[in-house]
Amino acid sequence: MTDACSTNQSRTPGHQWAGQNGWSAASPPLGKPLPSFQQLSLGPPSDQRPGRDHLQVSNPGCLSDLRNNSQSMAFTNNSDLSVQHFIPNARVSHVVPTSSQERNVPPCSLPLTNKGSQPSDPQQISEYSPHSPYQAISAPFHPPYSHHVSLNGPQSLHQTPISPPSFRQCANQNPRRAHQPAFEKANMESAVGAGYFHNAASPNSPVQQQPQWALPPQSRGNIKEFVPSAVQDGSISPQSPHSESRYGLDPELLPNAVKVMAEDRAEWEGKVFVSEPFSQLPPLATTSCIVEDRGNTSPFAIRSTSYCLPCEGQTALLSRLPLGALVAPLSKQNAGEPVPLCEEPECVLGCSCCGASMCRAMGWQDCGQRFYCPFCGKLSEVSWQHYQPTSGVEGARVDKDKRPELSMGSYEILHSQKGEPAALLLAIDVSASALRGGHLEFVTQQIRSLLHSLNSEDGDALSDVRVGLMTYDSRIHLYDLSPALSRPHMLVIMETEDLQLPVTEGLLVSLKDCIHSVDSVLQLIPQFSAECDDSSGVPMELPVKAGLAILQALSSPGKLLIFHTASLTEMVHTSSSSGFFGSNKPKSIFQPSEPAISLAKECVRQGCGVHLFVLSQQDVGGAWPGHIPYLSGGALHSYSHLQGDLDRECFSTDLKRIIETHTGYRAELRIFVSKDLRVSGCYGLFLPGPRPSQVAMATLDQWTTLAVELSHTRGLDEKRGVAIQTVLSYSTQTGDRRTRVHTLTLRCSRHLQDAFCHYQAQTLLTFYSKKMYCAVLERPLQELREELQTEVTEALASYRKHCSSSSVSAGQLVLPQYLRALPVYINSLRKSEVLLPGLRNSVHQRLQQRCQVLGMDTSGTATHFYPQLLPLQLSAEDSNPPSPEQALRCRALSLEPRGLYLVHAPLTLLLWVGAQVPASTLVELFNTSCFSALSSGETKLPVLENPLSISIRSLVDTLNSQVPCARKLWVVKQGDTCEEALQRHLVEDKSPNGGASYADFLYHLHINSVRLLQ
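Residues numbered from 1 in each chain as written. Predicted model: local features only at pLDDT ≥ 70, side-chain atom pairs only at ≥ 80, totals over all residues. Heavy atoms only, no water.

**Q** Got a minute to help me understand the overall build of the protein chain in this structure?
**A** Counting secondary structure elements, the protein chain contains 21 helices and 39 strands. Expressed as a percentage of contacts within the protein chain between residues at least 6 apart in sequence, the contacts between residues at least 24 apart total 77%. (Helix = DSSP H or I, 4+ residues; strand = E, 2+ residues; numbered from the N terminus. Contact = heavy atoms within 4.5 Å.)

Below you can see the structure in the form of structure tokens.
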């Protein structure tokens, strides 16, 4: 499947833009479609002036260096391509806000390394925005432009030599290094000629300038669609020129995501970020730092897409970037330190009108008798039990520092009522397939060992957990584990359609009281004899229904662990629904079945998190069993009969993490925003409800992250700012009912450039990935890929028009400072296996990856779409073990035949071995001296007592401890057939599924953004 537009699509002719050469800053044409490219006035070639004609700088040294490196791009046709080669002439509009004309930025040029080919005719697509189940309102505003260039598709091969990079840095100043009032010196301006040049800029011209692509004057007219020719050679080496730009761009001069993260680590690694009301941009999610809560919640809990929101809705629409936040309600704080706790009777109550919890954003009036709620704009009375006077000019209560609800951005309320403690329910498949597999003995032994370790931990919450046990084939076998019985009793339920429990006593018993009974049953399970034929398969819903019945009968939440082996079948649809998942809607491979949705809803109501261990490989054909686990806050884990050591090690790790992970049950999340905003959408792994501001989940853990989309209802008050609050009510393992409150306050501004300069690329990537992966339930994949490209193109055009200097030439790529890495992130998302399937991606793999990414936090999402490529030392005498600061760009050019490289992503861990690695290194690491004798694929590094082996194995263990699921180490040899697994992670190159390279994608983003302004 390639990413190309249909040739028979059409669009309605658009209207002329208001204003000169583009949008009008006062009244942007939000409801009018953009003219097609055929209607754009491109101007004569004489109007295209070289970039250096606009130079007005105060640093002659930088100016002369830029001029010496400036080149014009000359493009010629390449006869080996089957598409028309054409590059349009482009001019940038010089109409910018008057506030942006205070500083002229020196342009720069990106040298070509070779002559490339040009794009062919564009395709126009129509907008399509069906109702989304994650939004309670109509589809969000779609920009009036729908023309763009489709990039993802099979790429052509031609060699382009790369010239060595030349970097010179004139100055480096970051706006977050010191606390600064308002927006004084809060923005940066940088240009790329032979590198990045950072200069202190005025707040009115925050320009990030990038490579200059000078378009040839003889080519003008319509933008042509980029349709690369198909790849003929399927076995492309990572060292191949296939990784180069087909337009001859030097990749060394493109914005570098690794450099962006390295700069942020250099500034914040190990330091303290003070989170105050209206604070500046926080460190990136991939940077490890300490967060001090001084009235604003940690970015671990709430991370806003922009830390300065536009005051007007029209201004927000003009930016073309989403307004929202990433919410991780149970995220861990610094080094696992607890959230401040207050008991319910002593806690000051929140707003009596809207239900928002007390926070520092409340404004006190009448000497502390009333407070103003920013979420509804109303006044609430303070009860006499909690009254305290106010003091000072700000009117703060005198007991503010003694109460976390008045002084902290995050706190937790312990309620007086207590519910049933959570249970641990084990369901083991004993069908004929399971008994023949030979793995039940290992599974039961691992469960026994884990339960014994829990029972020995006195004082731990899990040491007194209630445990239940059942086995199943086509019937359900329950076990009465009452301590009064001399041995456990088995209860067999034959009728599974309308499942009724004969008894409830003894089905859930405290671990310390039933450890011996459970142990005896687990020892006998591998000796069972098959009594039923499972050739037709066993419905996965059967153990889920039985487990739910037990938990419902005892009014208890809990985790249901299912160990399944037999082939999976879907239950017959018993009824049709006219709702979102009804048959009257277009079906998608990502949509769950109606029985799965119904069972998932029951799990949410009961607080039952389903974790499914599929112990036999079932990747081709059959039903995908992951919908119920992921929608209930659980997960799906697949193994291949647990015959190998790697599978068994992963199973043991996954089982232990699931049981020991801190989990919230029967969770209800409410989201409050300032009265002039509203929650227009919420995206993540949950069943959407009637309102996007209220989400119900069966279980959640520290990694559970949701994306919340915001929109304006009226203009914001620049003095009051914006407040976002999440209130999570949940039950703990012991049955305590708690409410965790996070409140984030942000500033707002009437200047568009302030909003642009307070976005972060990693946050936008996480937001887009969750939104798009939720939209695949109903919308075509090609349309989603095109929408991503269109939104980023329009955002670059908007920033270029309204926030950049008038001296910017058409050949210059202009990006906000903290969005330098956005193009490479968006391109990686567009060509991911979920949105652009390849020939070797099965449906089950795509379904699994979609759910796993939806559950990731910001750091995990950024690493998933741009993995860490770490060079490893070749001998013990080398420097210290690799760290994230030493990471390389994810491209084939970073790999050398004499090197070892580790590719770290949340779902994958690859070790690439070059063909020229010294034999001594192979001996120390793999215990073999011959490269050809080294086996590729899933591998466990041998335990060798030498410094190199110890260091690399320690690094692998450290990286595995940072991800929520166990991973197998893949060894990939240079030139081996399994090298395609590595190519999928080299996201700056052309991907095996036909995705465009980063350089080509960035080129077309720039061309189209310039085209929009003409």
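After that view of the structure, there is still more to cover.
**Q** Before we go on, may I ask you to explain the packing of helix α13 (residues 761-775) against helix α14 (residues 781-803) in this structure?
**A** Two measures define how a pair of helices packs: the angle their axes make with one another and the distance between the axes. Where α13 meets α14, the closest approach of the two axes is 11 Å, and the angle between their N-to-C directions is 150°. Between α13 and α14, the angle falls in the class roughly antiparallel. Seen along the crossing, α13 lies across α14 with a hand that is right-handed. Each of Y768, M772 and A775 in α13 lies in contact with α14, whose residues at this interface are L784, E787, L788 and E791. Grouping the amino acids of the contact of α13 with α14 by side-chain chemistry returns five nonpolar, no polar and two charged. (Axes fitted to C-alpha atoms, helices over the stretch in contact; angles between N-to-C directions. Parallel < 35°, antiparallel > 145°, perpendicular 65-115°, else oblique. Left-handed = near helix turned anticlockwise from the far one by under 90°. Nonpolar A, V, L, I, M, F, W, Y, C, P; charged D, E, K, R; others polar.)

**Q** Help me out: how do you make sense of the environment of R953 in this one?
**A** Along the polypeptide, R953 turns up in helix α19 (residues 947-960). Considering only alpha carbons, one finds R953 and V943, ten residues apart in sequence, at a separation of 8.3 Å. Once residues lying within four places of it in the same chain are set aside, the contact partners of R953 are L941, P942, V943 and L944.

**Q** Please explain the pairing of strand β35 (residues 868-872) as it appears in this structure.
**A** Note on strand geometry: in a regular strand, side chains alternate between the two faces of the sheet. Among the five residues in β35, four count as buried, and that is most of the element. Where β35 meets strand β36 (residues 900-905), five bridges bridge the pair, whose relative direction is antiparallel. Its bridge partner being in β36, L869 is matched across the sheet by V903. (Buried < 20%, exposed > 50% of the residue type's maximum accessible area, 1.4 Å probe, protein only. Pairing = 2+ DSSP bridges.)

**Q** Sorry, what's going on with the sheet that holds strand β13 (residues 370-372) here?
**A** As a general point, the strands of a sheet are linked pairwise by backbone hydrogen bonds and lie either parallel or antiparallel. What the three strands build is an open sheet, ordered β12-β13-β14; its pairing is antiparallel. A strand with exactly one partner marks an edge of an open sheet, and here the two such strands are β12 (363-365) and β14 (379-381). Here the strands of the sheet are splayed against their neighbours by 30° on average, with no regard to which way each runs. In this structure, β13 lies alongside β14, joined through three bridges in antiparallel fashion.

**Q** Sorry if this is basic, but what is going on with the packing of α13 against helix α15 (residues 822-830) here?
**A** Where α13 meets α15, the closest approach of the two axes is 9 Å, and the angle between their N-to-C directions is 20°. Taken together, the axes of α13 and α15 lie roughly parallel to each other. Our pair here, α13 against α15, has a crossing hand that is right-handed. Mapping the contact onto sequence places A761, Q762, L764, L765, Y768, S769 and Y773 in α13 and L822, Y825, I826 and L829 in α15. Looking at the contact of α13 with α15, its residues break down into nine nonpolar, two polar and no charged.

**Q** Please clarify how the side chain of T732 should be interpreted in this entry.
**A** Structurally, T732 can be placed in the loop between β32 (722-731) and β33 (736-749). A residue is classified by how much of its surface remains accessible, and T732, at 8% relative accessible area, is buried. Among all residues touching T732, those that are not within four sequence positions of it are A422, Y665 and R738.

**Q** Please explain the pattern of salt bridges as it appears in this structure.
**A** Opposite charge on two side chains allows them to pair when their charged atoms are near. Applying the stated criterion across every chain, the model contains 29 salt bridges. Across the pair E420 and R466 runs a salt bridge, and its minimum N-O distance is 3.5 Å. With E420 in the loop between β17 (410-418) and β18 (423-429) and R466 in strand β19 (residues 466-472), this residue pair connects regions lying 46 residues apart in the sequence. Among the residues examined, E420 registers a relative accessible area of 37% and is labelled partly exposed. (Salt bridge = Lys/Arg side-chain N within 4 Å of Asp/Glu carboxyl O.)

**Q** Teacher, can you tell me more about the nonpolar core here?
**A** Where a protein is soluble and globular, its nonpolar side chains tend to be buried together. Among the nonpolar cores identified, the biggest contains 167 residues, and L902, L911 and V913 are the most heavily contacted of them. Top contributing element to this core by residue count: α13, with nine residues. Leaving out residues up to four positions away in the same chain, L911 has contacts with L872, Y901, L902, L925, F926, L941, L969, W970, V971 and V972. One finds V430, L561, L655 and I658 within the second-largest nonpolar core, a separate group that totals 37 residues. (Core = buried A, V, L, I, M, F, W, Y, C linked by side-chain atoms within 4.5 Å.)

**Q** Help me out: how do you make sense of unusual backbone geometry in this one?
**A** Within the chain, C367 stands out as a residue other than glycine whose phi angle is a positive 55°. Within the secondary structure layout, C367 lies in the loop between β12 and β13. Residue C367 is classed as exposed on the basis of its relative accessible area, which comes to 52%. The phi dihedral of S555 is positive, around 50°, even though this residue is not glycine. Relative to the elements of secondary structure, S555 occurs in the loop between α8 (541-553) and β24 (558-564). By relative accessible area, S555 is classed as partly exposed at 42%.

**Q** Before we go on, may I ask you to explain helix α21 (residues 998-1012) in this structure?
**A** One full turn of an α-helix is made of 3.6 residues, so residues set three or four places apart face in the same direction. The end-to-end C-alpha distance of α21, which contains 15 residues, comes to 21 Å, matching closely the 21 Å that a straight helix rising 1.5 Å per residue would cover. Within α21, 15 of the 15 residues are buried, which leaves the element mostly enclosed by the surrounding structure. (Expected span 1.5 Å × (residues − 1).)

**Q** Help me out: how do you make sense of the packing of aromatic side chains in this one?
**A** Between two aromatic rings, the relevant description is the distance of the centres plus the angle of the planes. Tallied over the entire structure, the rule returns 16 aromatic pairs. Look at F613 and F651: their rings are 5.5 Å apart centre to centre, the planes differ by 65°, and that puts the pair in the edge-to-face class. In this pair, F613 is assigned in strand β26 (residues 608-614) and F651 in helix α11 (residues 645-660), connecting sequence segments 38 residues apart. Here F613 and F651 have matching classes, each one buried. Relative to Y768, the ring of F767 has its centre 6.3 Å away and its plane inclined at 75°; by these criteria the two rings are edge-to-face. The structure contains a cluster of three or more aromatic residues connected by ring pairs, namely F442, F563, F613, Y639 and F651. For R397, the ring lying beneath its charged end belongs to W364, and the centroid distance is 5.0 Å. In this arrangement the basic side chain of R648 is found over the ring face of F442, its NZ or CZ atom lying 4.5 Å from the centre. (Phe/Tyr/Trp six-rings, centres within 6.5 Å; stacked < 30°, edge-to-face > 60°. Lys NZ or Arg CZ within 6 Å of the ring centre and 35° of its normal.)

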